[in-house]
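# Structural description and commentary
Residue-level listing of the chains:
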Amino acid sequence: MAGQVRPITLVGTPVLHRACRPVQEFDAALAELADDMFASMYAAEGVGLAGNQIGVDLRIFVYDCPDEDGERHKGTVVNPVLELPDLADRRLDDSEEGCLSVPGPHARVARPDHATVRGFDVKGNPVMVEGTGLLARCLQHETDHLEGKVYIDRLSARARKKVLKEYEELRASGE
């Protein structure tokens, strides 16, 4: 796969903490951005990456992630809309979660164990991705990014403070 590795935007950078703009142009530049996002995600050893995680204020994310059965799913979603099960049908998965924009620490985040995202591919064709297990978490996590939320925003104040302290300690030690 082509693509240039771009630096990952870290927590505290303004572009990570505001909603991204919808993609208007489905052109070669968008396809190139997706290639760069895949290259950046693989270089950082992630399973998903949102546009603002490389400093681009656009509603696009890429993923290469297994579902609960271990089946790998890979793709790009532009202008995603997240759909979650109704509250009566929702089961929460309280697993560990981390983020390339908060490298190092992880924390438990309860999220629905099933998610669907509808949007478009880089050519403007409609796509729908249904996910279970880690893929469901990934779809929710990346859509959150495009809304200006980082996973630590879903934590209690105490847990968030602990994660940020660990993150700062790791940065200070040069890891």
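Keep in mind that what you see is a predicted model, and the values were worked out from it rather than measured.

## Some details on the UniProt feature "active site" (unreviewed entry) in the protein
- The sites that UniProt annotates as "active site" (unreviewed entry) are Glu142.
- Its location among the elements puts Glu142 in helix α2 (residues 133-146).
- With near-sequence residues (within four places) excluded, Glu142 lies in contact with Gly48, Leu49, Ala50, Gln53 and Phe61.
- Only 3.2 Å separates the side chain of Glu142 from the backbone nitrogen of Ala50, close enough to count as a polar contact.

## A word on the sheet that holds strand β6 (residues 114-120)
- Read across the open sheet, the 5 strands follow the order β1-β2-β3-β6-β7; overall the sheet is antiparallel. Unpaired on one side and paired on the other, β1 (48-50) and β7 (126-132) mark the two borders of the sheet. Neighbour to neighbour, the strand axes of the sheet diverge by 35° on average, direction disregarded.
- Sheet topology note: the β6/β7 ladder contains 7 bridges and is antiparallel. From the neighbouring strand, Thr116 faces β7, where its bridge partner is Glu130.
- Most of the contacts of helix α1 (residues 28-43) go to strand β2 (residues 60-66), to which it runs at about 40°, and overall it touches β1, β2 and β3 (72-83).
- On the sheet, α2 packs against β1, β2, β3, β6 and β7 and is oriented at approximately 165° with respect to β2.

## A few points about the packing of aromatic side chains
- Taken as a whole, this structure holds 3 aromatic pairs when the rule is applied.
- Relative to Phe120, the ring of Phe26 lies with its centre 6.0 Å away and its plane at 65°, an arrangement referred to as edge-to-face. With Phe26 in the segment before α1 and Phe120 in strand β6, the pair connects residues that are 94 residues apart, well separated along the chain.
- Residue Phe26 is classed as partly exposed on the basis of its relative accessible area, which comes to 31%.
- Overall, the relative accessible area of 33% leaves Phe120 in the partly exposed class.
- Pairing Phe61 with Tyr63 gives two aromatic rings, centres 6.1 Å apart and planes at 55°, and the pair type is tilted.

## Quick notes on the environment of Asp27
- Structurally, Asp27 is set in the segment before α1.
- Overall, Asp27 belongs to the partly exposed group, its relative accessible area being 34%.
- Taking the C-alpha atoms as reference points, Asp27 and Asp86, separated by 59 residues in sequence, lie 36 Å from one another.

## Thoughts on the pattern of salt bridges
- Counted under the stated rule, the structure contains 13 salt bridges.
- A salt bridge links Asp144 to Arg111, with the nearest nitrogen and oxygen atoms 3.1 Å apart. Taken together, the residues span a long stretch of sequence, with Asp144 in helix α2 and Arg111 in strand β5 (residues 102-112) at a distance of 33 residues.
- With a relative accessible area of 7%, Asp144 lands in the buried category.
- Owing to a relative accessible area of 3%, Arg111 belongs among the buried residues under this scheme.
- A salt bridge links Asp144 to Arg154; the nearest nitrogen and oxygen atoms lie 2.6 Å apart. A residue pair is termed long-range when its members are at least 10 positions apart, and Asp144 in helix α2 and Arg154 in the loop between α2 and α3 (157-172) qualify at 10 residues.
- Residue classification places Arg154 among the partly exposed residues on the basis of a relative accessible area of 44%.
- Overlapping salt bridges, with partners in common, bring together Asp93, Glu97, Arg111, Arg137, Asp144 and Arg154 in one network.

## Points about the nonpolar core
- Counting residues in hydrophobic clusters, the biggest one holds 16 residues, and the most contacted among them are Leu30, Leu33, Met37, Leu49 and Ile60.
- When residues of this core are traced back to their parent elements, those giving at least two are α1 and β2.
- The element that contributes the greatest number of residues to this core is α1, accounting for 6 residues.
- The contacts of Leu30, once residues within four sequence positions are left out, are Val23, Glu25, Ile60, Val78 and Val122.

Rules and cut-offs
Residues numbered from 1 in each chain as written. Predicted model: local features only at pLDDT ≥ 70, side-chain atom pairs only at ≥ 80, totals over all residues. Heavy atoms only, no water. UniProt positions renumbered as here; feature names shortened; annotations may be inferred. Helix = DSSP H or I, 4+ residues; strand = E, 2+ residues; numbered from the N terminus. Contact = heavy atoms within 4.5 Å. Polar contact = N/O pair within 3.5 Å; in protein donor to acceptor, adjacent residues only side chain to side chain. Pairing = 2+ DSSP bridges. Axes fitted to C-alpha atoms, helices over the stretch in contact; angles between N-to-C directions. Phe/Tyr/Trp six-rings, centres within 6.5 Å; stacked < 30°, edge-to-face > 60°. Buried < 20%, exposed > 50% of the residue type's maximum accessible area, 1.4 Å probe, protein only. Salt bridge = Lys/Arg side-chain N within 4 Å of Asp/Glu carboxyl O. Core = buried A, V, L, I, M, F, W, Y, C linked by side-chain atoms within 4.5 Å.

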